[in-house]
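What follows is the residue order along each chain.
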Amino acid sequence: MAHAVTLVPGDGIGPEVAGAARLVVDATGVEVRWDVQEAGAAVLDREGTPLPERVLRSIRSNRTALKGPITTPVGGGFRSVNVALRQELDLFAAVRPSRTLPGIPSRYPSVDVVVIRENTEDLYAGIEFERGSPELARLRDELRALAWFELKPDAGVTVKPISISGTRRIVLFAFDFARRQARRRITVGHKANIMRFSDGVFLSIAWEEAGRHPDVAFDACQVDELALRLVTEPEALDVVLLPNLYGDIVSDLCAGLAGGLGLAAGANLGWEYAVFEPVHGSAPDIAGKGVANPIAMILSAAMMLAHLGETPASNAVGMSVGRVLQEGAVRTRDLGGTAGTAEVAEAVAAMVKLMLAGSGPSTPDRGPA
Ligand code: NAD
């Protein structure tokens, strides 16, 4: 039976890399019924919102989506579609593997880190008070009464909620993930010494659950120390579990360690729905030029295939990407090559077909996590 999947091409380079990923998935022979749903800046003018209800309806009905990046204007315009999607569909876990891929020049030859990021709480929960607004004036009065804190009149405020329930589910998800993927250790990053009542909750629940799951090694460190460890001894880190904001920042850092944003895939998962998307954004600087690296989107599609139970197809895509990169002839310019997006997609798709026909190289390279 065909898998129904919502495909959101997105903004900027989104449609280019989404087309590339679709070509590669179709090359696996896995039957996918693509339900293409536009969202983002492209539909804002037409439909008055960047995230029309039809997109959510489609994902709720299909339960699985492959999504390109969507532009979020800085400091105004509309609320981030990405944040809204994660909250509307309760996609509480972001999984972002970063692994050094064959033939990719890197200062760090053996990076193999998975960032698991809590996706719905923290400073990204969307609780904001605009500078000068009547709501902020009321908040100032409350803060004065409750905490004897005098908020500066020219301040804007973003609130950082972290709950026991929100933390427990991501911690349990991380232990389950580590066990299923045969990972050896979870490291939690936090700043609980400064933010005792938000990061403090995250840290204490993580320790509590670690006590109940002694089969997976566990440690914790402050997020600034974690940043240092990532660039000095990345090979010592395995699964890194973080609250929302730190997870966003650290997953880009890990992408950089392993060869760049053009290679970093990701999944947003909840109990009911799954949305697969690359870590990178809409890259307006290179949009429409046909030069974007589609590998991050292709590897996100490979994660999607694994999620759909199509393990051989997922492995074939992961191995084909590895093989094309190792051969080195077809690479986009972010990796030092001259190939365009479509050329890379065609090379990977051709390798996938060879592999699944049984005549391609069969060296087992681990597919995406
Ligand atoms: P970006 O990831 O779009 O680009 C950062 C740099 O990396 C740019 O130089 C870009 O050219 C390069 N780059 C990114 N992806 C690439 C690829 N596949 N191939 C080659 N080069 C690539 O980050 P940004 O410029 O900070 O963000 C642009 C827009 O994307 C913003 O509106 C931001 O909010 C949005 N964004 C969306 C998502 C998402 O939809 N999940 C994620 C991050 C950023």
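Worth saying up front: this structure is predicted, and the values here are computed from it rather than measured.

S.K.: Help me get a handle on the overall build of the protein chain, residues and values and all.
M.R.: Broken down by element type, the protein chain carries 12 helices and 12 strands. Relative to the 2.2 N^0.38 estimate, which gives 21 Å for 369 residues, the radius of gyration of the protein chain is 21 Å and therefore close to what a compact globule would have. Its C-alpha atoms give the protein chain principal-axis dimensions of roughly 75 × 50 × 40 Å. Counting all 369 residues of the protein chain, 55% fall into the buried class. Looking at the protein chain alone, contacts between residues at least 24 apart form 75% of all its contacts between residues at least 6 apart. Approximately 16,300 Å² of the protein chain is accessible, and the part contributed by carbon and sulfur atoms is 54%. Here the protein chain holds 37 positive side-chain charges and 44 negative ones, and the gap between their average locations is 1 Å.

S.K.: Quick rundown of helix α8 (residues 223–232)? Include the residues and the values.
M.R.: Within the span of α8, buried status applies to V223, L226, R229 and L230. Seen along its axis, α8 keeps its buried residues to an arc of 105 degrees; they face one direction. When the buried face of α8 is taken as reference, the exposed residues oriented beyond 90 degrees from it are L228 and T232.

S.K.: Explain the site of the ligand to me, and be specific about the residues and the numbers.
M.R.: Residues in contact with the ligand amount to 22 residues; listed here are only the nearest, I70, T72, G281, A283 and N293. The side chain of H280 places a nitrogen or oxygen atom 3.3 Å from a nitrogen atom of the ligand. Backbone polar atom of G281 to an oxygen atom of the ligand: 2.7 Å apart, as the coordinates give it. Contact with the protein chains hides 69% of the accessible area of the ligand, taken as 810 Å² for the molecule alone. Looking at the shell around the ligand residue by residue, the classes come out as nine nonpolar, eight polar and five charged.

S.K.: Account for empty space enclosed by the protein, with residues named and values stated.
M.R.: Evaluated as defined, the whole model comprises two cavities of 30 Å³ or more. Counted as a void, the second largest cavity has a volume near 30 Å³. As for the second largest cavity, its lining consists of K67, N82, L85, R86, L91, N268, V275 and E277. Considering every element that reaches the lining of the second largest cavity, the biggest residue donor is helix α4 (residues 81–88), with three residues.

S.K.: Could you give an account of the state of the cysteines, naming the residues involved and the relevant values?
M.R.: Applying the stated criterion across every chain, the model contains zero disulfides. C254 provides the cysteine sulfur closest to C221, a residue in no disulfide bond, and the two sulfurs are 12 Å apart. On the accessibility criterion, C221 (4% relative accessible area) is buried.

S.K.: Describe the nonpolar core, listing the residues and the values that go with them.
M.R.: Judged by nonpolar contacts, the single largest core of 75 residues is most densely connected at L66, I116, I186, L241 and V348. A per-element tally of this core places helix α10 (residues 295–307) first, with nine residues. In this view, I186 contacts A174, F175, A178, V216, A217, F218, D219, V239 and L241; residues no more than four positions away in its chain are not counted.

S.K.: If you had to explain the pairing of strand β4 (residues 93–99) to someone new, which residues and values would you point to?
M.R.: Counting buried residues along β4, seven of its seven residues qualify, which places the element largely inside the surrounding structure. Burial along β4 is two-sided: A93, V95, P97 and R99 and A94, R96 and S98, pointing in opposite directions, are all buried. Here β4 runs beside strand β5 (residues 112–118); their pairing, made up of seven bridges, is antiparallel. Residue R99 lies in a different strand from β5, and its bridge partner there is D112. Bridge count between β4 and strand β11 (residues 267–269): three bridges; the pairing is antiparallel. Of the residues in β11, the one forming a bridge with V95 is A267.

S.K.: Would you mind going over the sheet that holds strand β10 (residues 239–242) in detail, with residue names and values included?
M.R.: One open sheet holds the 10 strands; their spatial order is β2-β1-β3-β12-β11-β4-β5-β10-β8-β9, and the pairing between them is mixed. Lying at the two open borders of the sheet, with one neighbouring strand each, are β2 (32–36) and β9 (217–222). Taken over all neighbouring pairs, the strand axes of this sheet differ in orientation by 25 degrees on average, direction set aside. The strands touched by helix α9 (residues 244–257) are β4, β5, β8 (185–190) and β10; relative to β5, the strand with the most contacts, the crossing angle is about 160 degrees.

S.K.: Describe in detail the confidence of the model for the protein chain, supporting the description with residues and values.
M.R.: A low pLDDT score tells you not to read the predicted coordinates there in detail. Chain-level pLDDT for the protein chain is 93 on average; 95% of the residues reach the 70-or-more range. Segment residues 363–369: pLDDT under 50, and 24 contacts once partners within four positions in sequence are set aside and those in other chains are kept.

S.K.: So what's going on with the pattern of salt bridges? Which residues, and what values?
M.R.: Following the criterion strictly, the structure yields 29 salt bridges and no others. Across the pair R144 and E150 runs a salt bridge whose closest N-O atoms are separated by 2.7 Å. A salt bridge links R180 to D176, with the shortest nitrogen-to-oxygen separation between them at 3.0 Å. In this pair, R180 and D176 both sit in helix α6 (residues 164–180), four residues apart, roughly one turn of the helix. With a relative accessible area of 55%, R180 lands in the exposed category. Assessed through its relative accessible area of 34%, D176 is described here as partly exposed. What emerges from the salt-bridge pattern is a single network uniting R99, D112, R183, R184 and D238.

Calculation rules
Residues numbered from 1 in each chain as written. Predicted model: local features only at pLDDT ≥ 70, side-chain atom pairs only at ≥ 80, totals over all residues. Heavy atoms only, no water. Helix = DSSP H or I, 4+ residues; strand = E, 2+ residues; numbered from the N terminus. Rg over C-alpha atoms; globule rule 2.2 N^0.38 Å. Buried < 20%, exposed > 50% of the residue type's maximum accessible area, 1.4 Å probe, protein only. Contact = heavy atoms within 4.5 Å. Areas by Shrake-Rupley, 256 points an atom, 1.4 Å probe, with all protein chains shown as cover. Lys, Arg positive; Asp, Glu negative; His and termini not counted. Charge placed at Lys NZ, Arg CZ, Asp CG, Glu CD. Arc of directions from axis to C-beta. Near = heavy atom within 4 Å. Polar contact = N/O pair within 3.5 Å; in protein donor to acceptor, adjacent residues only side chain to side chain. Nonpolar A, V, L, I, M, F, W, Y, C, P; charged D, E, K, R; others polar. 1 Å grid on protein atoms, 1.4 Å probe; cavity = no way out; pocket = protein on both sides within 12 Å on 5 of 7 lines; lining within 4 Å. Points joined across faces, edges and corners; volume = space filled by probe spheres on them. Disulfide = S-S within 2.5 Å. Core = buried A, V, L, I, M, F, W, Y, C linked by side-chain atoms within 4.5 Å. Pairing = 2+ DSSP bridges. Axes fitted to C-alpha atoms, helices over the stretch in contact; angles between N-to-C directions. pLDDT = per-residue confidence, 0-100. Salt bridge = Lys/Arg side-chain N within 4 Å of Asp/Glu carboxyl O.

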